[in-house]
Amino acid sequence: MGIVLHMAAHANIDGYAISSQNYFSELSKFTGETIEPVTHQAVSLARGKLDWQAFRYLLSEANQDTQLLNPRYRYRNHITRAIDGTSITLPRSEELLEYFDPRKSKVGVGHYPAALLVTALNVFTGQCKCARVTNHFDSERDQLRSMIELDFSAGDIALLDRGFGGDQTYLCFEEHRQHYVCRVRTEGKHTALWIQSFLASGKQDAVIIRNVTNTKTGKESRIKIRLLRGPAEHSDERMVLATNLLNLRKYSRKSLIKLYRSRWEIETMYGRVKNLLKIEAFHAKSVNGMMQEIFANLLVISLTAMVALAAARELKLDPDIAVPSFKNARAVVKRNLLDVVQNSDKLTPKKARRLARK
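The rules behind these values
- Residues numbered from 1 in each chain as written.
- Predicted model: local features only at pLDDT ≥ 70, side-chain atom pairs only at ≥ 80, totals over all residues.
- Heavy atoms only, no water.
- Helix = DSSP H or I, 4+ residues; strand = E, 2+ residues; numbered from the N terminus.
- Buried < 20%, exposed > 50% of the residue type's maximum accessible area, 1.4 Å probe, protein only.
- Contact = heavy atoms within 4.5 Å.
- Areas by Shrake-Rupley, 256 points an atom, 1.4 Å probe, with all protein chains shown as cover.
- Lys, Arg positive; Asp, Glu negative; His and termini not counted.
- Charge placed at Lys NZ, Arg CZ, Asp CG, Glu CD.
- pLDDT = per-residue confidence, 0-100.
- Salt bridge = Lys/Arg side-chain N within 4 Å of Asp/Glu carboxyl O.

Novice: For this particular structure, what's the right way to read the overall build of the protein chain?
Specialist: A tally of helices and strands in the protein chain yields 13 helices and nine strands. Dimensions along the principal axes, computed over C-alpha positions, put the protein chain at roughly 75 × 55 × 40 Å. Relative to its full complement of 358 residues, the protein chain shows a buried share of 48%. Expressed as a percentage of contacts within the protein chain between residues at least 6 apart in sequence, the contacts between residues at least 24 apart total 62%. Here the protein chain has roughly 17,900 Å² of accessible surface; of this, 50% comes from carbon and sulfur atoms. For the protein chain, the centre of its 54 positive side-chain charges and the centre of its 37 negative side-chain charges are spaced 6 Å apart.

Structure (structure tokens):
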């Protein structure tokens, strides 16, 4: 596990042999004992025996959503996450092609298979709560509903882009007593009639009632949806948000629009995981190995976010004015990764602050 995390923290630039030499060289300095690097074959064999879900477990353990009670890291005391998906290009192998299809275009079928990665990111802490990896043409909505049912808690808020909206999504949030702020489509022939009516009304803020039938159970429910008109975008398309945060005093229109802007944090995260950590430079060509590397990269992102957050708290930085350098925070993670790997104690916020001081 240490070698896989080491490769992820070092942007996946080295193969097994060089990674093994570097990892065990650093480990020797850390322990004070000379440890010989293992061979390429030994690393490959050991990875085959390691279930990728161990990395998913570590990602969950690193998440500090529930520990950070400071209002600065919540919206009106709600844990708030952005959920979005991105396509990941995978290496070509017979095993991966059994589970992941290549992309198709007008010129034909591509060479490399692709996966859909859907992640839930805390917009105030930068940490990944959970993720789903599936075939690239699978439904993002289905992955979101799985998170609502299994990973999120009552009272949590999800910030969603246009592709996630819809009656079944809104109903799922209601049934689990969770909240959403979702941008809706306002242009094109697929724009819902109730959205068109809201736009035609000229109102800035309105609550509508919709009758929705759960497609799985057949049960019909009446749900309230609040629509908020936002500013025009660069394309002159008007932003409209749908939410079930109905209390106008507690959740003002302006504050919800500002909150939704923080959804961009997940786009930044995907940019970092692809361009800074080079997640698509996979070493493994098996499903288990590929999943190990994806969750190892998300774990490095979360550890880096934890260090950046600890530095901000230590320096008493106003997040609206200044934030610590993400690259510098990653350098701290790289320097102290062995401390985290070798120490059996959980990486607490206090320990993260100690590491951030180094």
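Novice: For this particular structure, what's the right way to read helix α7 (residues 167–175)?
Specialist: An α-helical turn contains 3.6 residues, so a residue and the one three or four places further along point in the same direction. Considered for burial, the residues of α7 that qualify are T169, Y170, L171, C172 and F173. Following α7 by one or two positions, R177 has its phi on the positive side, about 55 degrees.

Novice: Is there a simple way to think about the confidence of the model for the protein chain in this case?
Specialist: When pLDDT is low, close inspection of the predicted coordinates is not appropriate. When the pLDDT values of the protein chain are averaged, the result is 89; 93% of them are 70 or greater. Here helix α13 (residues 349–357) is the element of the protein chain with the lowest mean pLDDT, 58, and strand β5 (residues 157–160) is the one with the highest, 98.

Novice: Honestly, the pattern of salt bridges in this entry has me stumped. Any pointers?
Specialist: Two side chains with opposite charge may pair up if their charged atoms get near one another. Evaluated as defined, the whole model comprises 11 salt bridges. Taking the shortest distance from any N to any O, the salt bridge between D156 and R81 comes out at 3.0 Å. Here the residue D156 occupies a position in the loop between α6 (140–150) and β5, and R81 occupies one in strand β1 (residues 80–89), the gap between them amounting to 75 residues. By relative accessible area, D156 is classed as buried at 7%. In this structure, the salt-bridge partner of R263 is E267, at a minimum N-O distance of 3.2 Å. Through salt bridges with shared partners, a single ionic network connects D84, D161, R162, R263 and E267.

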